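Inside the fold
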2 protein chains.
Amino acid sequence: MSDYSKLKKEELLKLKEQFSEDFEKVKAKGLKLDMSRGKPNKIQLDLSNELNDILKSDSDYKCESGIDVRNYGVLDGIPECKRLFGEILGVDDSNIIIFGASSLTIMYDYIAQCMIFGAGGKPWSAQENVTFLCPAPGYDRHFGILQHFGIKMINIPMNNDGPDMDKIEELVKNSNVKGVICVPKYTNPEGITFSDEVVRRFAALKPAAEDFRVIWDNAYVVHDFNDTPDSLLNIFDVAKEYGNEDLFIEVTSTSKITFPGAGVSALAASDKNIAAIKKRMTIQIIGHDKINQLRHARYLKNLSNVKEHMKKHAEIIRPKFETVLNAFSNELDGLGIARWTTPNGGYFISLYVMAGTAQKVGALCKEAGVTLTKVGATYPYGIDPDDSNIRIAPTFPDVDELEAAVEILCLCIKLAAVEKLLETAE
Amino acid sequence: MSDYSKLKKEELLKLKEQFSEDFEKVKAKGLKLDMSRGKPNKIQLDLSNELNDILKSDSDYKCESGIDVRNYGVLDGIPECKRLFGEILGVDDSNIIIFGASSLTIMYDYIAQCMIFGAGGKPWSAQENVTFLCPAPGYDRHFGILQHFGIKMINIPMNNDGPDMDKIEELVKNSNVKGVICVPKYTNPEGITFSDEVVRRFAALKPAAEDFRVIWDNAYVVHDFNDTPDSLLNIFDVAKEYGNEDLFIEVTSTSKITFPGAGVSALAASDKNIAAIKKRMTIQIIGHDKINQLRHARYLKNLSNVKEHMKKHAEIIRPKFETVLNAFSNELDGLGIARWTTPNGGYFISLYVMAGTAQKVGALCKEAGVTLTKVGATYPYGIDPDDSNIRIAPTFPDVDELEAAVEILCLCIKLAAVEKLLETAE
């Protein structure tokens, strides 16, 4: 196949005619396909159904410390659940707090606390121009939280090994810059993992702000899906070398290990931050759902068992990613109108279509019955400066649906590219 | 028995000698008894164990709207769970949002939102002297939330039928007064229920503040324990008559219906408030634990079934309240040194010892191995202006333990009273 940018106007017009015809045929089928959200498929959910057999009416409801998990108490989580997450995140149990079903809520809550009470300095709500650095494309819900609280966001370009650290190091010299929010492993949507160098440069940051925090959303910490998984340095191990442990708030959850709708989430932080968070929690809650903590701890047991469990997810997820990536290769390779990432884990592929056509591709897909993640959503304020990035979430549809959806997507990418090129073709 | 205040000095000295001897004997036993917190007993927890048999690995995980509760989604709760709480609180399902395990967290979160974003006016954090009215004695954790956020608290005296409404009506004319926080049924710790007149006067409030809210913590809505239960007017029904539905944020939970450590909580509010809260929640969470919602909805079924379930709790709780009340009657009646409430439900008895002796009674009890709720905690800032109120929580200990504990408590009340009277006796 030949690079579209080298085609003459007549050739482009011919392609446009062909693609338009194909598009009308596809549209006529009235399909309804969804590649929009990073949701596990039903078969993945079924993998963890035994979680609901772990506790029965006649079970022993005592956690390891002898507390009856049915009753009040245990602010920061039962010991076996803290140990499990401590092992997953590579930190001491005492640096773990267990929360409810959603790590998003932990992050929201943490930022809310910084707004009202600050993070060692004045409340952020009492400071001007509070700013976060946002490696982008990134997770739309991260940006949603920051925007909600009126925190200014600055885009940080993503390289193949993580965010542009030169830019981050430069910007943190401004004391208005209060933090970074990011997914360090199998980033959403890039699917790449921060290199050792990037993690080290994060750990060594010298922010001007005394109340600077990095929200390290390790959502895909055990979510490898092939034989060449990525490896992420333990941020707290490295931060310790620089005395910077207090800068990092790490979160994760079992949402994509067991059930998104009923999991357990956890926060890891320095001794000092854990103490501050616990102090606030004494006012906020008596204790999160401990029965679900016990269920998860007894079912998932330990990191090694979690990894075995994740292999079952991988068997289901891998073919879906392959389906998408094969279709991209077959349909788009060599056309010079798209590039994409090839992740070893996580939930997303990041697709870059010809600059200035992503919105159009999204609109065409919608017209043809394929729902994509809202185009632009992967950037702060929903604005992709290049109008190029599209997040592909292959896990929820079945392989058949996915094949159909990607075929349509590729058609739309080509149609939009040809139309764009025709605008300036002579 | 005769009124201690009428005794002569010699008589008081003789009593003091006797009580001191008794106290030393009790102390020597080295008991460890706890009447401090409103926790269900293990036998009460066992009542709901079948909740954990409701969902098994091979269960149908679809809620009534066809959504798989294991997966992401459903921001405000599954339909059957909303209907259950709608029935319990007497509001339309659309005026219910289901949350996680703790209604305390709902209240914390609501106040946090008012601090950062306001409740229709400027953010409370940007206003001076934000003040709440606190019917007292009341729930220590309510006061804890307000104090945490730096909200000024004003004590409102409690009458037999609820808070002093004259005082509330007068104080809400000040626009700094942003709200009231209260438990309207089987109040903590009084165990009384707001009369129809009190509820009507709440519903008819004309606060000067445009951003005024009443946190209506209906924690004990179905927690009757005898044949003469209290009845509480539905606040939203009455508020509607005055166009005041937006003033009220009602919360409740299954903490003392099923498991305190793993229940479901709910918020009821006006259409306008529900819309505002949901809008914020889209940023904060994808959805609370829906499997636990389904478990609770299928287990508890409906209000009538919940009431049957609560009768089983009542059978366990009633004898404990009787134990305490009988001991108070036998030991303290006619001495003029204590009075107490006789609730028809809830979790607490409010005991008033001779003014100026409550701290002393608490200290003596502790010395003798009986833990009471921290004396003073039932008032804002932990300060009981009369040093008189003690919250008695009879549910957690067994009846035997309770008998022993109350006997010691009565002894300490008498000893402290006699010592106090001796300070001024001639």
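Residues numbered from 1 in each chain as written. Chains lettered and ligands numbered in written order. Predicted model: local features only at pLDDT ≥ 70, side-chain atom pairs only at ≥ 80, totals over all residues. Heavy atoms only, no water.

Quick word on the nonpolar core
The tendency in soluble globular proteins is for nonpolar side chains to be buried side by side. Residues Phe202 and Trp216 of chain A together with Phe202 and Trp216 of chain B are the most contacted members of the largest nonpolar core, which totals 116 residues. Excluding residues within four positions of it along the chain, Trp216 of chain A makes contact with Cys182, Pro184, Phe194, Val199, Phe202, Leu232, Ile235, Phe248, Ile249, Glu250 and Val251 of chain A. Among the nonpolar cores identified, the runner-up in size contains 80 residues, and Ile286 of chain A together with Ile111, Phe149 and Met153 of chain B belong to it. (Core = buried A, V, L, I, M, F, W, Y, C linked by side-chain atoms within 4.5 Å. Buried < 20%, exposed > 50% of the residue type's maximum accessible area, 1.4 Å probe, protein only. Contact = heavy atoms within 4.5 Å.)

Focus on the sheet that holds strand β10 (residues 338-340) of chain A
All names here are of chain A. Read from one edge to the other, the open sheet built from three strands follows the order β10-β11-β13, with strand pairing classed as antiparallel. Each edge of the sheet is formed by a strand with only one pairing partner; in this case those strands are β10 and β13 (389-392). Across the sheet, the mean angle from the axis of one strand to that of its neighbour is 25°, orientation sign disregarded. Sheet analysis places β10 next to strand β11 (residues 349-353), joined by three bridges and oriented antiparallel. Its bridge partner being in β11, Trp340 is matched across the sheet by Leu351. (Pairing = 2+ DSSP bridges. Helix = DSSP H or I, 4+ residues; strand = E, 2+ residues; numbered from the N terminus. Axes fitted to C-alpha atoms, helices over the stretch in contact; angles between N-to-C directions.)

Remarks on the side chain of Asp384 of chain A
All names here are of chain A. Looking at where Asp384 falls in the secondary structure, it is placed in the loop between β12 (370-372) and β13. Notably, Asp384 is buried but unbridged: the nearest opposite-charge side chain belongs to Arg339, and the N-O separation is 9.1 Å. In this structure the side chain of Asp384 is engaged in a polar contact, spanning 2.6 Å, whose partner is the backbone nitrogen of Ser388. A distance of 2.7 Å separates a polar side-chain atom of Asp384 from the backbone nitrogen of Asn389. What Asp384 contacts, discounting residues up to four positions off in sequence, is Gly376, Tyr379 and Asn389. (Lys, Arg positive; Asp, Glu negative; His and termini not counted. Salt bridge = Lys/Arg side-chain N within 4 Å of Asp/Glu carboxyl O. Polar contact = N/O pair within 3.5 Å; in protein donor to acceptor, adjacent residues only side chain to side chain.)

Focus: the packing of helix α3 (residues 79-89) of chain B against helix α10 (residues 290-300) of chain B
Residue and element names in this part refer to chain B. Here α3 crosses α10 at 55°, and the two axes come no closer than 8 Å. Here α3 lies oblique to α10, going by the angle between them. The hand of the α3/α10 crossing is left-handed. Contact residues: Glu80, Cys81 and Leu84 in α3; Gln293, Leu294, His296, Ala297 and Leu300 in α10. Looking at side-chain class alone, the contact of α3 with α10 contains five nonpolar, two polar and one charged residues. (Parallel < 35°, antiparallel > 145°, perpendicular 65-115°, else oblique. Left-handed = near helix turned anticlockwise from the far one by under 90°. Nonpolar A, V, L, I, M, F, W, Y, C, P; charged D, E, K, R; others polar.)

Some points on the pairing of strand β6 (residues 177-182) of chain B
Residue and element names in this part refer to chain B. Here β6 lies mainly inside the structure; six of its six residues are buried. As paired strands, strand β3 (residues 131-136) and β6 are joined by three bridges and run parallel to one another. Across the sheet, the residue bridging to Leu133 is Val180, located in β6. As defined by bridge partners, β6 adjoins strand β7 (residues 213-217) across four bridges and the pair is classed as parallel. Following the sheet pairing, Gly179 is matched in β7 by Arg213. This β-α-β element, β6 to helix α7 (residues 196-203) to β7, shows right-handed connectivity. (Right-handed = clockwise from strand over helix to strand, strands pointing away.)

Looking at the sheet that holds strand β5 (residues 162-163) of chain A
All names here are of chain A. Strand order in the open sheet formed by eight strands is β2-β9-β8-β7-β6-β3-β4-β5, and the pairing between neighbours is mixed. The strands lining the two open edges of the sheet, one partner per strand, are β2 (96-99) and β5. In terms of strand pairing, strand β3 (residues 131-136) meets strand β4 (residues 152-159) through six bridges, oriented parallel. Paired with Leu133 across the two strands is Ile154, which belongs to β4. Strand contacts of helix α9 (residues 271-284): β2, β7 (213-217), β8 (248-253) and β9 (265-268), with the helix running at about 35° to β2, the strand carrying the most contacts.

Read these as spatial facts, not as claims about activity.
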